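Fold and contact review
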Amino acid sequence: MSPEHSMESPFLVIGAAKSGKSVYAEEIIRRHEPDYVYVATSQILDGEMEQRVRVHRERRKEHWETIECPFELPDTLRTLKGTGRPVLVDCITLWLSNLLCFSPITPEAAVDALCDSVCGADYPLVIVSNEVGAGIVPENALARKFRDLAGATNQRLAQICLSVTMVVAGLPLRLK
Amino acid sequence: MSPEHSMESPFLVIGAAKSGKSVYAEEIIRRHEPDYVYVATSQILDGEMEQRVRVHRERRKEHWETIECPFELPDTLRTLKGTGRPVLVDCITLWLSNLLCFSPITPEAAVDALCDSVCGADYPLVIVSNEVGAGIVPENALARKFRDLAGATNQRLAQICLSVTMVVAGLPLRLK
Amino acid sequence: MSPEHSMESPFLVIGAAKSGKSVYAEEIIRRHEPDYVYVATSQILDGEMEQRVRVHRERRKEHWETIECPFELPDTLRTLKGTGRPVLVDCITLWLSNLLCFSPITPEAAVDALCDSVCGADYPLVIVSNEVGAGIVPENALARKFRDLAGATNQRLAQICLSVTMVVAGLPLRLK
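The paragraphs below set out a description of the structure included in this document. (Residues numbered from 1 in each chain as written. Chains lettered and ligands numbered in written order. Predicted model: local features only at pLDDT ≥ 70, side-chain atom pairs only at ≥ 80, totals over all residues. Heavy atoms only, no water.)

**Observations regarding the pattern of salt bridges**
All names here are of chain C. Applying the stated rule across the entire model yields twelve salt bridges over all chains. Note that R174 and E8 form a salt bridge whose closest N and O atoms lie 3.2 Å from each other. In this pair, R174 is assigned in strand 7 (residues 171–174) and E8 in the segment before strand 1 (11–15), connecting sequence segments 166 residues apart. Assessed through its relative accessible area of 31%, R174 is described here as partly exposed. Relative accessible area serves as the criterion here: at 37%, E8 is assigned to the partly exposed category. The partner of R85 in a salt bridge is E65, with the nearest N and O atoms 2.9 Å apart. Highlighted residues: R85 in the loop between helix 3 (73–79) and strand 4 (87–90) and E65 in strand 3 (residues 64–68), separated in sequence by 20 residues. In this structure R85 comes out as partly exposed when scored by relative accessible area, which is 25%. Taking relative accessible area as the criterion, E65 reaches 34% and is therefore assigned partly exposed. (Salt bridge = Lys/Arg side-chain N within 4 Å of Asp/Glu carboxyl O. Helix = DSSP H or I, 4+ residues; strand = E, 2+ residues; numbered from the N terminus. Buried < 20%, exposed > 50% of the residue type's maximum accessible area, 1.4 Å probe, protein only.)

Now the structure itself:
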């Protein structure tokens, strides 16, 4: 996997589950000088998630600070202004899922706030998100709501980001 | 989202749920002079669908005539011959779902008739369809049948259309 | 569907269900002289699968030898060395599913062995695999495990293959 194009920030990386999007996003951010900030939106609720997080962490090791941020992503991105440190957000879909399941804030308002923070970012910013809409319509109403929210959010982020790349089997395909 | 390429009709727009494919299809059709025909295949069976349809309608407003067409899509496209009006069909996958669930016609015969009508169209024609096969194999047999039918129909339409574009997060990726 | 690029082996073809990936893979392999070897990983467990296999077989007809290989794929590919015959493997995801459900071997070890065999192949080799990670997270734990395994395997194969193409609605999109 060799990313062929210059990084213009904000940079959105979209891909299916296990498509290699996080590894690609890390390659993009490493074109900048450390130290890097990793904004992790996952909530560790079970052993399966713990294992996923461990694998991601081991890959990063030094030169990285991790901020756990399951809910307050817009605020976190805003407070990073002025630091000049490259920031990787992984990932938007987990954050949306946390909002839908555990937060009293309406996700739509949170997405508005996120877009404001992304537009206002004065540091190199790479954002990872999942494609979740290319399967069969889910039977579960919450899953359908999540799918619509994720798709709409990806569209809004793709509109404000200067670079958008889809990752398939670890290989980048530039969309913008 | 700025469509970079000339419209050659028939034009197929494929994308995941909430990928921005309808908005893109409307951009393509608007390169032609109004008045436009919107062929809606959805059946409004519940409040969730009603809300979706309302959002699509508000975006279109004037210069559009809407034809509700949950089943008779091949006939509708045939009767539009000679009018010279640009036609947007949204979407094929809902139409297939209606056929599978509520119609005595075999879907395969209906798809044959659809392909004949698309080939015979003498007006600018943009067709929207979903990618539904990039998730896990569904446990439900009807969902598997639908998935196979949708994939096979997309392949046939892609073969007879002069332009085929995939939309990801609102961004077009030309396939043909 | 007209494949525009030269075949460099090993060649990976990725696509959704019913995306036309098998037909495309057969087009690629047919640029070589017969006789061809078709390595089928499917297990015929029910009438639905029998029907799928029958359709694939009728398309191939002469100049093809079929090897049924639901489990021993790495060994089979190794024993084909020295024959010089073009080989089509269809598909990796069914093989992984067989391993997960019916085999005592850990899938990870089997994927290591597969990658060794692919790297060592001295004959034209085309490999078909599914994208299964672009839908909603499955509720079923085994389905999630399968999805992760399929995604990780696709990444590894994409890294060692010289050509990688995604197929959407029968149309090829070159990734590598």
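There's more to say after this.
**Some points on the interface of chain A and chain B**
Chain A puts 21 residues into the contact, and the matching count from chain B is 23 residues. Looking at the side of chain A facing chain B, the largest losses of area belong to I136(A), Q155(A) and L175(A), adding up to 33% of the total buried there. Viewed at the interface, chain B and chain A are joined by zero salt bridges. Summed over the shared surface of chain A and chain B, the number is five residue pairs in polar contact (both at pLDDT 80 or more). Mapped onto the side of chain A that touches chain B, the elements with two or more residues apiece are helix 6 (141–160), strand 6 (163–168) and strand 7 (171–174) of chain A. Looking at the side of chain A that touches chain B, the element that brings in the most residues is helix 6 of chain A, giving eight residues. The residue makeup of the side of chain A that touches chain B, split by class, is nine nonpolar, five polar and seven charged. (Contact = heavy atoms within 4.5 Å. Buried area = accessible area lost by both parts, 1.4 Å probe. Polar contact = N/O pair within 3.5 Å; in protein donor to acceptor, adjacent residues only side chain to side chain. Nonpolar A, V, L, I, M, F, W, Y, C, P; charged D, E, K, R; others polar.)

**A closer look at the packing of helix 5 (residues 107–120) of chain A against helix 6 of chain A**
How two helices pack is summed up by the angle between their axes together with the distance between the axes. Residue and element names in this part refer to chain A. With their axes 10 Å apart at the nearest point, helix 5 and helix 6 run at an angle of 20 degrees to one another. Taken together, the axis directions place helix 5 and helix 6 in an arrangement best described as roughly parallel. Read as a crossing pair, helix 5 and helix 6 show a hand that is right-handed. Judged by residue contacts, P107, E108, V111, D112, L114, C115, V118 and C119 of helix 5 engage L149, T153, R156, L157 and I160 from helix 6. The class makeup of the residues in the contact of helix 5 with helix 6 is nine nonpolar, one polar and three charged. (Axes fitted to C-alpha atoms, helices over the stretch in contact; angles between N-to-C directions. Parallel < 35°, antiparallel > 145°, perpendicular 65-115°, else oblique. Left-handed = near helix turned anticlockwise from the far one by under 90°.)

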